[in-house]
Amino acid sequence: MIASRRRFLKTSAAIAASGSVAMSGLSAVASTEDSNGSQREVATNKSLLAASAFYPLPMGSIAPRGWLKRQLQIQADGLGGHLDEVWADVGPNSGWLGGTGESWERGPYFVDGLLPLAYQLDDAKLKAKAQRFIEWTLTHQQPNGMIGPASNDDWWPRMVMLKVLTQYEEATGDPRVMPLMARYFKYQLETLPTRPLRDWGKFRWQDNALSAIWLYNRTGDESLLTLAKLLHEQGHDWQAQFADFKYTEPVTPERIHLDEKNGLGDTALSTHGVNNGQALKAAPVWSLLSGKEEDRKGMEQMLAALDKYHGLPNGMFSCDEHFAGRNPSQGSELCTVVEAMYSLEVGMSILGDASLGDRLEQLAFNALPGAFTDDMWAHQYNQEPNQVEVSLHRKPWTTDGPESNIYGLEPNFGCCTANFHQGWPKFTNSLWMASADGGLVAAAYSPCEVNTKVHSVPVRLVEATDYPFRGTIHVAVSPARPLKFSVRLRIPGWASSHEVMLNGKAVKSSGANGFIHLEREWHAGDTVELRLPMEPRVLPGFHQSVSIHRGPLVFSYAIGGSWLKLVERDKASDWQVYPATAWNYALDVSASSKAGLKVEELPIGDAPFSLRGAPVRIMASAHKVPSWRAEDGVAAAVPVSPVSAADAPEMIALHPYAAGKLRITAFPVKAEMAKS
């Protein structure tokens, strides 16, 4: 499959049609009040669509603060803001800039994260970088309505650029965007019957449908719903796959016919991790058109199967790059992490399911930063919860190559290099949503500032918190004038209790479906404080192992590492990392007891997902297990608990999952404690 994608890229060249795009009479749903669209009206579902529980705020409405802003700045100072300077595939010769270079998915992937990053940081340089790609797309639409480089007609990369354009229109109100999208969708509706979806586009149809629905909610053009139905008809039936899920074991190249159609056969694509991460949103998106409860439940069914047969302790499912079972020495592709996050954000908005916010936070605070060096100048293609070496080995990957878990610019394959950028910015833009009754919803927690409109009245929220490292969330509510509306606060499923303070006084709060519902007349200066206890939790896993959690954070033992430079590229170099300390520990805890786990809160550093800046650690009693070893750089499957451990106990420090670049996350349990 990787080879097929590489051949596609090598044969693609940009031969773009020139000329300006004619304007149409379409207009934005509301005028912007400032250049970044921070106070635009929320677009809700028009008739013919089922209602969503929540609605995303226009891109640019939410700005990061505190540690989250520092994290976004790390991304901007790393590959996120400089990739075009060090990687030719998104450089000035990109086909998406009119050049003869890479003309498929990488330009759109890059801008899909660069654009929201630029506007959330209000960074003029990054905005200009993103604008180059957008401007070329807006000014080079072909007469028939097609967009993008003329050297290929693949529907898939256009699906990504459509996501870029929707965000850009929300941020700027550029009047060229919706007419261009309307012409493209007209062309697509006319052309799909004779040139149907294929390979990647066939399995990612829901992203295309989501953009068509976005435009329908702003124009009311019913042909867009006809297009969405056609995309569903031609696309892979994800709900049928998970209604009778057959991939209950790690797959093999032979099982999925990886040699069929150059890796692009339906079986291979249906078990491909990134396709499944994107497909998590398929059933909720389709439910908007079908209105059926069975479709609304499709995401829950899919997540349950992935957890049961391929779930890992960091909240991901294994996919390196196809389904690989529950062994925590298997990996997950970075593209899958960010695509799963986006699917959860979409699913949360449509379904209003609080548990999706729990999982979104788990991925955002563990699996996302867990695939990067602290400065975000290098990333992994695959990360492992039990990752004892980062080196050139073919094990344990189901179908990937030996570069898969090294830290570098383009390990294994460059899709993640281009696509990872959307993770943090889209998470930021999903922290708050609008409720169907016109109120505001805290879907996930991180420090931020929200500027939006409620019932046409400007409202500013400031969320001050050190979550997920601490359990207190403080929200200041400031409407432009006294205004009655609802504020919903998500109560995480892991929280054993909670306390709500309104203007400094404890209040009894009604809750339903995982949310506290506060409806009142709000005045400037009102404050709400949510307090969540963060006690350690011991969760069972593969081979009766355990993993340690606190709030949304997963904790790991950080193995000492010796870094060896593999390829010199200044800041964007490739690295191998070899273990410099022992790692084969069993814990003196069990799934029924957290005794002996001691939480230590520390100052929050500039890089909170690094060892030097980690704001919390958990001390645990542990014993070495000499029989648990690595082979070819890969930790053997975690031994079945309980295990014998004759060595004297040691106190080891467990840090947030992403802090250690080598780590153990799933531990066997020492025999004596397991029997208690």
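Note that this is a predicted model, so its numbers are computed, not measured. (Residues numbered from 1 in each chain as written. Predicted model: local features only at pLDDT ≥ 70, side-chain atom pairs only at ≥ 80, totals over all residues. Heavy atoms only, no water.)

Within the protein chain, the regular secondary structure consists of 21 helices and 27 strands. Expected size for 676 residues packed as a compact globule is a radius of gyration near 26 Å; at 24 Å, the protein chain falls within 12% of this value. Each principal axis of the C-alpha atoms in the protein chain carries an extent, and together these give about 75 × 65 × 50 Å. The buried share of the protein chain, reckoned over its 676 residues, is 64%. Here the contacts in the protein chain between residues at least 6 apart in sequence split such that 73% fall between residues at least 24 apart. Of the roughly 22,800 Å² of accessible surface on the protein chain, 51% is carried by carbon and sulfur atoms. The protein chain carries 64 positive and 73 negative side-chain charges, and their two centres are separated by 2 Å. (Helix = DSSP H or I, 4+ residues; strand = E, 2+ residues; numbered from the N terminus. Rg over C-alpha atoms; globule rule 2.2 N^0.38 Å. Buried < 20%, exposed > 50% of the residue type's maximum accessible area, 1.4 Å probe, protein only. Contact = heavy atoms within 4.5 Å. Areas by Shrake-Rupley, 256 points an atom, 1.4 Å probe, with all protein chains shown as cover. Lys, Arg positive; Asp, Glu negative; His and termini not counted. Charge placed at Lys NZ, Arg CZ, Asp CG, Glu CD.)

The subject of this paragraph is the side chain of Gln120. Within the secondary structure, Gln120 is located in helix 4 (residues 106-120). Apart from residues lying up to four places away in sequence, Gln120 is in contact with Ile62, Ala63, Pro64, Leu72, Pro425, Thr428 and Asn429.

The next subject is the pattern of salt bridges. One side chain can pair with another of opposite charge once the charged atoms of both are near each other. Following the criterion strictly, the structure yields 39 salt bridges and no others. Across the pair Lys163 and Asp207 runs a salt bridge, and its minimum N-O distance is 3.7 Å. In this pair, Lys163 sits in helix 6 (residues 155-172) while Asp207 sits in helix 9 (residues 205-219), placing the two residues 44 residues apart along the sequence. Residue Asp207 is classed as buried on the basis of its relative accessible area of 2%. In this structure, Asp199 and Arg198 form a salt bridge, with 2.8 Å as the shortest nitrogen-oxygen distance. Judged by its relative accessible area of 14%, Asp199 falls in the buried class. The structure contains a network of salt bridges with shared partners spanning Asp112, Lys163, Asp207, Lys281 and Lys426. (Salt bridge = Lys/Arg side-chain N within 4 Å of Asp/Glu carboxyl O.)

The next subject is the packing of aromatic side chains. Tallied over the entire structure, the rule returns 29 aromatic pairs. A centroid spacing of 6.4 Å and a plane angle of 70° characterise the contact between Phe317 and Phe323, whose relative ring orientation is edge-to-face. A relative accessible area of 0% means that Phe323 is categorised as buried. These aromatic residues form a ring-pair network of at least three members: Trp67, Phe365, Trp424, Phe427, Tyr445, Tyr467, Phe469 and Phe609. Here the guanidinium or amino end of Arg204 rests over the ring plane of Trp156, the centre of that ring lying 4.5 Å away. Positioned over the ring face of Trp522 is Arg520, at 5.0 Å from the centre of the ring. (Phe/Tyr/Trp six-rings, centres within 6.5 Å; stacked < 30°, edge-to-face > 60°. Lys NZ or Arg CZ within 6 Å of the ring centre and 35° of its normal.)

What is expected of a backbone is that most residues other than glycine have negative phi and most peptide bonds are trans. Lys395 connects to Pro396 through a cis peptide bond whose omega is 0°. Mapped onto the fold, Pro396 is located in the loop between strand 4 (382-383) and helix 19 (415-419). In this model, Ser641 is joined to Pro642 through a cis peptide bond whose omega is 5°. The phi angle at Met376 is positive, at roughly 55°, despite the residue not being glycine. Mapped onto the elements, Met376 comes out in the loop between helix 18 (354-367) and strand 4.

In contact at an axis separation of 11 Å, helix 5 (residues 124-139) and helix 6 are set at 105° when each is read in the N-to-C sense. Between helix 5 and helix 6, the interaxial angle falls into the category roughly perpendicular. Here Gln131, Ile134, Thr137 and Leu138 of helix 5 come into contact with helix 6, specifically with Met161, Val164, Leu165 and Tyr168. Tallied by class, the residues present in the contact of helix 5 with helix 6 amount to six nonpolar, two polar and no charged. (Axes fitted to C-alpha atoms, helices over the stretch in contact; angles between N-to-C directions. Parallel < 35°, antiparallel > 145°, perpendicular 65-115°, else oblique. Nonpolar A, V, L, I, M, F, W, Y, C, P; charged D, E, K, R; others polar.)

Packing of helix 7 (residues 177-191) against helix 9 brings their axes to within 11 Å, and their N-to-C directions diverge by 125°. Relative to helix 9, the element helix 7 lies oblique. Read as a crossing pair, helix 7 and helix 9 show a hand that is left-handed. Here Met178, Met181, Ala182, Phe185 and Gln188 of helix 7 come into contact with helix 9, specifically with Asn208, Ser211, Ala212, Trp214, Leu215 and Arg218. (Left-handed = near helix turned anticlockwise from the far one by under 90°.)

It is worth spelling out helix 7 at this point. Taking 1.5 Å per residue, 15 residues should reach 21 Å; helix 7 reaches 21 Å between its end C-alpha atoms and fits that length. Listed in full, the buried residues belonging to helix 7 are Val177, Met178, Pro179, Leu180, Met181, Tyr184, Phe185, Tyr187, Gln188 and Thr191. (Expected span 1.5 Å × (residues − 1).)

Moving on to the pairing of strand 18 (residues 553-558). Most of strand 18 sits out of view: six of its six residues are buried. Connecting strand 17 (residues 546-550) to the antiparallel partner strand 18 that follows it, the hairpin turn spans two residues, and Gly551 within it adopts a positive phi of roughly 60°. As defined by bridge partners, strand 18 adjoins strand 26 (residues 650-656) across three bridges and the pair is classed as antiparallel. Paired with Tyr557 across the strands is Leu654, a residue of strand 26. Bridging between strand 18 and strand 27 (residues 663-664) involves two bridges; their strand directions are antiparallel. Bridging across to strand 27, Ala558 finds its partner in Arg663. (Pairing = 2+ DSSP bridges.)

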